[in-house]
Amino acid sequence: MSGPDGQLPLLPADPPRWGGPAAAATTPIRTQGRTEYAVSCDGCGQVHRHVSPGVRTAPCGATYTVPESDDAS
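Residues numbered from 1 in each chain as written. Predicted model: local features only at pLDDT ≥ 70, side-chain atom pairs only at ≥ 80, totals over all residues. Heavy atoms only, no water.

**Digging into the nonpolar core**
Counting eight residues, the largest nonpolar core is built from Ala24, Tyr37, Val39, Cys41, Ala58, Ala62, Tyr64 and Val66. Of all the secondary structure elements, the ones that give two or more residues to this core are β2 (34-40) and β5 (63-66). If we skip the residues at most four places from it in the chain, Ala58 touches His48 and Tyr64. (Core = buried A, V, L, I, M, F, W, Y, C linked by side-chain atoms within 4.5 Å. Buried < 20%, exposed > 50% of the residue type's maximum accessible area, 1.4 Å probe, protein only. Helix = DSSP H or I, 4+ residues; strand = E, 2+ residues; numbered from the N terminus. Contact = heavy atoms within 4.5 Å.)

Pasting the structure below:
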């Protein structure tokens, strides 16, 4: 369960197991110098953009987990 450097991942693969909101399907967007995450919201149907993974609250009030992308480096 640890990464290649021996560290535990920041967020577990199954957020509901530790009491967090379900992971949302994201589309990583590479911008100038950072990766943003586009999330299609189940609550309002809009697409929200976030600048980092983790538990996020959308402008509409929906809460979900933005998983880290494998190609975010």
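**A word on the pattern of salt bridges**
Per the stated rule, a full pass over the model turns up two salt bridges. One salt bridge connects Glu36 with Arg49, and the closest N-O pair in it is separated by 2.5 Å. Residue Glu36 is located in strand β2, and its partner Arg49 is located in strand β3 (residues 47-50); the two are separated by 13 residues in the primary sequence. Given the relative accessible area of 9%, Glu36 is considered buried. (Salt bridge = Lys/Arg side-chain N within 4 Å of Asp/Glu carboxyl O.)

**Describing the sheet that holds β2**
The strand order across the open sheet built from three strands is β1-β2-β3, with neighbouring strands paired in antiparallel fashion. The open sheet has two edge strands, β1 (26-31) and β3, and neither has a second partner. Pairs of neighbouring strands in the sheet enclose a mean axial angle of 30°, with direction left out of account. Summarising the sheet, β2 and β3 pair through four bridges and their orientation is antiparallel. Within the sheet, the bridge partner assigned to Ala38 lies in β3 and is Arg49. (Pairing = 2+ DSSP bridges. Axes fitted to C-alpha atoms, helices over the stretch in contact; angles between N-to-C directions.)

**What about the environment of Asp42?**
Considering the arrangement of structural elements, one finds Asp42 in the loop between β2 and β3. With 22 residues separating them in the primary sequence, Asp42 and Tyr64 have C-alpha atoms 9.7 Å apart.

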